[in-house]
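Close look at the chain arrangement
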Amino acid sequence: MQSSEPLAARVDQTKERIAKACTSAGRSPETVTLLAVSKTRPAGDIERGWAAGIRCFGENYLAEAAAKQDALAQLDLEWHFIGPIQSNKTRAIARRFDWVQSVDRARIIRRLGEQRPDEKPPLNVLLQVNIDDEPQKAGCTPEDIDALAARIAEFPKLVLRGLMAIPSAEHSPEQTRAAFARMRRLFGSLQATHPAIDTLSMGMSGDLETAIAEGATMVRVGTALFGPRQDVG
Ligand SMILES: *Cc1c(COP(=O)(O)O)cnc(C)c1O
């Protein structure tokens, strides 16, 4: 059930959580970007989020995202694709999104790199890492990161910005923290060869404080902003 609390209040609460976590970690709150995950939410929720000051929105399903993007074309929004990517969807993703956080294999890199329209700025790309090695989950292995990062660098219409991960939902808080800590180390290693990367996307409604403590620069928040989803995914 949707809370009756106005979205603006939830945005403020979430920003407060981020600010507190940053203070505890000795970091400035500006070092963490709030990505509002709007999958399954109507366009009106995004419009209200925009009115409350949010500019970055994450979507998991292309057709659903496209309808909302068309309805909200007049707003200055930054769109992030965060769902599993099918090859036959890359052309539309490359055209419609500003960031793709779920890049995890060479074929998708090549297609996005070739299909990003010339008139648009380079597509911002994160490599998704399957940090808990879950069989059904998208993401590359930690061992794949260097080769995939090198592949991205071959395409002028792609720019590697960093890494993304979704730790196992089965984890205890300690296991989640350990997974975030592994991501932080992988990010540090990648920075050694790609010094321009600046984005470590990890942490959701339930664990954003832990993610920030372990170095997240972007948290992806759905439920805490928009209330519980009706969907099963
Ligand atoms: C749905 C989703 C989120 C948001 O999860 P909440 O628990 O609702 O905050 C974050 N990242 C990805 C990749 C998602 O699919």
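Going by the structure above, here's the rest.
The following refers to the structure shown.

Analysis parameters
Residues numbered from 1 in each chain as written. Predicted model: local features only at pLDDT ≥ 70, side-chain atom pairs only at ≥ 80, totals over all residues. Heavy atoms only, no water. Core = buried A, V, L, I, M, F, W, Y, C linked by side-chain atoms within 4.5 Å. Buried < 20%, exposed > 50% of the residue type's maximum accessible area, 1.4 Å probe, protein only. Helix = DSSP H or I, 4+ residues; strand = E, 2+ residues; numbered from the N terminus. Contact = heavy atoms within 4.5 Å. Salt bridge = Lys/Arg side-chain N within 4 Å of Asp/Glu carboxyl O.

The biggest cluster of nonpolar side chains holds 60 residues, and the ones touching the most others in it are L112, L127, L163, M183, V219 and L225. It is helix 7 (residues 173–193) that contributes the most residues to this core, 6 residues altogether. L127 has contacts with Q101, V103, I145, L148, A149, I152, L160, G162, L163 and M164, leaving out every residue within four places of it along the chain. If you look at the next biggest cluster of nonpolar residues, it comprises 8 residues, including W99, L126, M164 and M218.

On to the pattern of salt bridges, then. Charged atoms that come close allow side chains of opposite charge to pair. Across all of its chains, the model carries 14 salt bridges by this definition. The partner of E114 in a salt bridge is R110, and the shortest N-O contact between them spans 3.4 Å. Here E114 and its partner R110 are both found in helix 5 (residues 106–115), 4 residues apart, which amounts to about one turn of the helix. Notably, a salt bridge pairs R182 with D132, separated by 2.8 Å at the nearest N-O pair.

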